[in-house]
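Fold and geometry: a report
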Amino acid sequence: NWIKKQWSKQQNVVTMNVFGNPLISVGDIVTINYAANDLDGTQKFIVTNVNNSYNEGLDTSITCRSIYS
């Protein structure tokens, strides 16, 4: 039932660069507060991809998919 509920609704996919954070991993649940994209911090997203690189400091890029509870 949970899987049906997730795939029956339109999901949002968000890719963004965030502050360098080696603790973020695939499967983490995050919220995003970014008013320019109508994200007010109440929607939940599951992290589906994490890329860490080092260029004068740690850079982290993540991809998230919306989930519905």
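This report concerns the structure included in the present document. Note that the structure is predicted; figures quoted are calculated from it, not measured.

Reading the values: the criteria
Residues numbered from 1 in each chain as written. Predicted model: local features only at pLDDT ≥ 70, side-chain atom pairs only at ≥ 80, totals over all residues. Heavy atoms only, no water. Helix = DSSP H or I, 4+ residues; strand = E, 2+ residues; numbered from the N terminus. Buried < 20%, exposed > 50% of the residue type's maximum accessible area, 1.4 Å probe, protein only. Contact = heavy atoms within 4.5 Å. Areas by Shrake-Rupley, 256 points an atom, 1.4 Å probe, with all protein chains shown as cover. Lys, Arg positive; Asp, Glu negative; His and termini not counted. Charge placed at Lys NZ, Arg CZ, Asp CG, Glu CD. Pairing = 2+ DSSP bridges. Axes fitted to C-alpha atoms, helices over the stretch in contact; angles between N-to-C directions. Core = buried A, V, L, I, M, F, W, Y, C linked by side-chain atoms within 4.5 Å. Polar contact = N/O pair within 3.5 Å; in protein donor to acceptor, adjacent residues only side chain to side chain.

Side note on the overall build of the protein
Helix and strand content of the protein: one helix and four strands. Order of helices (α) and strands (β) in the protein, N terminus to C terminus: α-β-β-β-β. Taking the principal axes of the C-alpha coordinates as reference, the protein spans close to 45 × 25 × 15 Å. When each of the 69 residues of the protein is scored for burial, the buried share is 25%. Sequence separation of at least 24 residues holds for 44% of the intrachain contacts in the protein that already meet a minimum separation of 6. Surface accessibility of the protein: about 5200 Å² in total, with carbon and sulfur atoms responsible for 51%. In the protein, 5 positive and 5 negative side-chain charges are present, and the distance between their average locations comes to 23 Å.

Structural notes on the sheet that holds strand β2 (residues 29–34)
Read from one edge to the other, the open sheet built from four strands follows the order β1-β4-β3-β2, with strand pairing classed as antiparallel. Of all the strands in the sheet, just β1 (13–19) and β2 have a single pairing partner and so form its edges. Strand after strand, the sheet turns through a mean of 45° between neighbouring axes, direction not considered. Of the pairings in the sheet, the one linking β1 to strand β4 (residues 58–67) comprises seven bridges and is antiparallel in character. Residue pairing across strands places M16 opposite I62, the latter belonging to β4.

Remarks on unusual backbone geometry
A positive phi angle, near 60°, is found at D38, a position not held by glycine. Despite not being glycine, E56 has its phi angle at roughly 60°, a positive value. Within the element layout of this structure, E56 appears in the loop between β3 (39–54) and β4. According to the relative accessible area criterion, E56 is exposed, its value standing at 81%.

Here we look at the nonpolar core
Core analysis: the biggest nonpolar cluster contains 10 residues, these being V14, I24, V30, I32, L39, F45, V47, V50, I62 and C64. For this core, the secondary structure elements donating two or more residues are β2, β3 and β4. Ignoring any residue separated from it by four or fewer positions in sequence, one finds V14 in contact with I32, F45, I62, T63 and C64.

Focus on the side chain of S61
Following the sequence through the fold, S61 ends up in strand β4. A distance of 3.5 Å separates polar atoms of two side chains, one belonging to S61 and the other to N17. Apart from residues lying up to four places away in sequence, S61 is in contact with T15, M16, N17, N49, V50 and N51.

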